[in-house]
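In case you want the letters, here they are:
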Amino acid sequence: MPRPIAARIHPRALRDNLTALRHAAADARVWAVVKANGYGHGIENVFDGLRGADGFALLDLSEAERVRALGWRGPVLLLEGVFEARDLELCSRLNLWHTVHSESQIDMLALHKTHQPHRVFLKLNSGMNRLGFSPQAYRSAWTRLSALSQVDEITLMTHFADADGPSGVTDQWAVFQSVTRDLPGERSVCNSAATLRHSGIPGLLGDWVRPGIAVYGSSPDFPEHDIAHWNLAPAMTLTARVIAVQSISPGESVGYGRTYVADRPMRIGVVACGYADGYPRIAPTGTPVLVDGRRTRTIGRVSMDMLTVDLTDCPDSGFDSEVTLWGKAGNGAVLAVDEVARLAGTVGYELLCALAPRVPVEVDSETDAHGC
Ligand SMILES: *Cc1c(COP(=O)(O)O)cnc(C)c1O
């Protein structure tokens, strides 16, 4: 028997999350962001659930090729654009739209030979100071691009630094508006957090929104709002089984470093999931888990291949019990990845993306009763 651990992907949840985002996005078209191998879910595994999107946005050219290989003929956007001149040949061949954030990318385009002009997203650095033209350079970049025969439509784009946080989008939105005021073309500025939190700002949703994390059922602004608040459901469930049970007495310790010492008689379940599976080693004693769909907590240190959970108050659980590290248990109980991430000092994004290659991934069949 294989080691009892697996990740399950829920196409129904992906579809429902996309619907929730469509509602939030009003008339805007929706890119499903599938970078980082679909936020760790696997592009091939999420494709069916997300084929209702208006396009797929990602970074790696190899991922763009995979989306085309799945038969997707609609828009595909490279969020960081091309990295070298020959990438443009792939853009021409596969009809990829691409972000332009630097002069060198315009230089490459100017030298590119193509029969089909490219659709580009011109990125403004409105204050995040990662990618994009400065407000001073943006308009001349637009003028230069629009004079190129290699370029078809230019969409105006920026990215927010704190759409999920207290400073919000106001300052950057003001910069974007003043720089782009009289430029023609479509607009795209919203990630998940901006789409869900700031859709009331007139014009902000623009023509295209670019949600990623929310599509996968993780809240962009946890703990301020959880997935239930945003009407989202986990698209990934990480489950393992209890492979041993220990009954310990007060004063006995559990795991490496003896970091947890029992102060009463306890039952400890040993679970076939460790940091080599992508579960964060730094998650402290007390991190929530579901055992047979019932909420309990981790105990002691996470090791490479195992972690330990408190079964003292779960008398009906034991050897072979189902343990849900995050996602949805067989009985329907939900443990958001955001809760685990929070205790590990990170965000749901990182845990989902860090699912280890050794964990087998299964995709729910559409007829599966608890398939969402
Ligand atoms: C990753 C990314 C997104 C999606 O962000 P989420 O916070 O996951 O919604 C949107 N736009 C750009 C440019 C990105 O790189």
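Predicted model only: the values in this text are computed from it and were never measured.

Reading guide: rules and limits
Note that residues are indexed from 1 along each chain, following the sequence as it is written. Whole-chain, interface and lining totals are the exception, using all residues; otherwise, since this is a predicted model, local features are given only for residues with pLDDT of at least 70 and side-chain atom pairs are given and counted only at 80 or more. As a rule here, side-chain values come from all non-hydrogen atoms in the structure, and water together with hydrogens is ignored. Helix and strand definitions follow DSSP, with helices as H or I runs of at least four residues and strands as E runs of at least two, each counted in order from the N terminus. Classification of residues uses two cut-offs on accessible area relative to the type maximum, computed with a 1.4 Å probe and protein chains only: under 20% is buried, over 50% is exposed, and between them is partly exposed. Should any heavy atoms of two residues lie within 4.5 Å, those residues are counted as being in contact. Pairing of N or O atoms within 3.5 Å defines a polar contact, subject to two protein rules: one partner must be a possible hydrogen donor and the other a possible acceptor, and residues neighboring in sequence count only if both atoms are side-chain atoms. Two strands qualify as a pair provided DSSP detects at least 2 bridges between them. The angle between two axes is taken between their N-to-C directions and runs from 0 to 180 degrees, where each axis is a line fitted to C-alpha atoms and a helix contributes only its stretch in contact. The split into domains, and so the bounds of each, comes from an automatic or database assignment of domains. Note: buried area is the sum, over both parts, of the accessible area (probe 1.4 Å) each one loses when the two are combined. What makes a salt bridge here is a side-chain nitrogen of Lys or Arg within 4 Å of a carboxyl oxygen of Asp or Glu, nothing more. Under the grouping applied here, Gly and all other residues not named as nonpolar or charged are polar, the nonpolar ones being Ala, Val, Leu, Ile, Met, Phe, Trp, Tyr, Cys and Pro and the charged ones Asp, Glu, Lys and Arg. Reported orientations rely on four angle classes, namely roughly parallel under 35 degrees, roughly antiparallel over 145, roughly perpendicular from 65 to 115, and oblique for the rest. Crossing handedness: left-handed means the near helix sits turned counterclockwise from the far one by under a right angle, and right-handed means the same turn made clockwise. Residues enter patches when their relative accessible area tops 30% and they take part in no salt bridge; the joining distance is 9 Å for like charges and 5 Å for the nonpolar side chains Val, Leu, Ile, Met, Phe, Trp and Tyr. Surface exposure here means Shrake-Rupley accessible area, sampled with a 1.4 Å probe, where a residue is shielded only by the protein chains that are shown.

**Some remarks on the environment of Asp277**
Part 1 of the argument: With respect to the helices and strands, the residue Asp277 is situated in the loop between strand E13 (266-271) and strand E14 (288-291).
Part 2 of the argument: Classification of Asp277 as buried rests on a relative accessible area of 0%.
Part 3 of the argument: As for Asp277 and Arg267, which are separated by 10 residues in sequence, their C-alpha atoms are 24 Å apart.
Part 4 of the argument: Residues in contact with Asp277, not counting those within four places in the same chain, are Arg3, Ile5, Ala272, Met304, Ala354, Leu355, Ala356, Arg358 and Val359.
Part 5 of the argument: A polar atom in the side chain of Asp277 sits 2.6 Å from the side chain of Arg358.

**With respect to the pairing of strand E16 (residues 307-310)**
Part 1 of the argument: Burial along E16 is two-sided: the face carrying Leu307 and Val309 and the face carrying Thr308 and Asp310 are both buried.
Part 2 of the argument: Relative to E16, E13 runs antiparallel, the two being bridged by four bridges. In the strand pairing of E16, Ile268 is matched with Asp310.
Part 3 of the argument: Examined bridge by bridge, strand E15 (residues 294-299) and E16 share two bridges and lie antiparallel to one another. Counted as the bridge partner of Thr298 is Val309 from E16.

**Quick notes on the sheet that holds strand E2 (residues 29-33)**
Part 1 of the argument: Spatially, E8-E7-E6-E5-E4-E3-E2-E9 is the arrangement adopted by the eight strands of the open sheet, whose pairing is parallel. On the outer flanks of this sheet lie strand E8 (187-188) and strand E9 (208-209), each paired with one strand and no other.
Part 2 of the argument: Here three bridges tie E2 to strand E3 (residues 55-58), and the two strands are oriented parallel to one another. Bridged to Val33 within E3 is Ala57.
Part 3 of the argument: Most of the contacts of helix H4 (residues 61-69) go to strand E4 (residues 76-78), to which it runs at about 175 degrees, and overall it touches E3 and E4.
Part 4 of the argument: Running at roughly 170 degrees to strand E6 (residues 118-124), helix H7 (residues 135-146) makes contact with strand E5 (97-100), E6 and strand E7 (151-158) of the sheet.

**With respect to the domain arrangement of the chain**
Part 1 of the argument: Parsing the chain into structural domains produces domain 1 (26-210) and domain 2 (236-363).
Part 2 of the argument: Relative placement of domain 1 and domain 2: their C-alpha centres are 38 Å apart.
Part 3 of the argument: Each partner contributes to the roughly 550 Å² buried at the junction of domain 1 and domain 2, and carbon and sulfur atoms together form 70% of this total.
Part 4 of the argument: Among the residues of domain 1 in contact with domain 2, Tyr39, His41 and Asn45 are the three that bury the most area, contributing 74% of the side total.
Part 5 of the argument: Taken together, the links from domain 1 to domain 2 amount to zero salt bridges.
Part 6 of the argument: Joining domain 1 to domain 2, the criterion identifies zero residue pairs in polar contact (both at pLDDT 80 or more).
Part 7 of the argument: Its residues placed into classes, the side of domain 1 that touches domain 2 shows two nonpolar, three polar and no charged.

**Quick look at the packing of H4 against helix H5 (residues 87-94)**
Part 1 of the argument: With their axes 11 Å apart at the nearest point, H4 and H5 run at an angle of 15 degrees to one another. With respect to H5, the axis of H4 lies roughly parallel. Where H4 crosses over H5, the two elements pack in a sense that is left-handed. Residue-level contacts link Leu61, Glu65 and Arg68 of H4 to Asp87, Leu90 and Leu94 of H5.
Part 2 of the argument: Of the residues contributing to the contact of H4 with H5, the split by class is three nonpolar, no polar and three charged.

**Digging into a nonpolar patch on the surface**
Part 1 of the argument: A cluster of nonpolar side chains, Ile243, Val245, Met306 and Phe319, forms an exposed patch at the surface whose accessible area comes to about 350 Å².
Part 2 of the argument: In this fold, Val245 is placed in strand E10 (residues 236-248).
Part 3 of the argument: Judged by its relative accessible area of 31%, Val245 falls in the partly exposed class.

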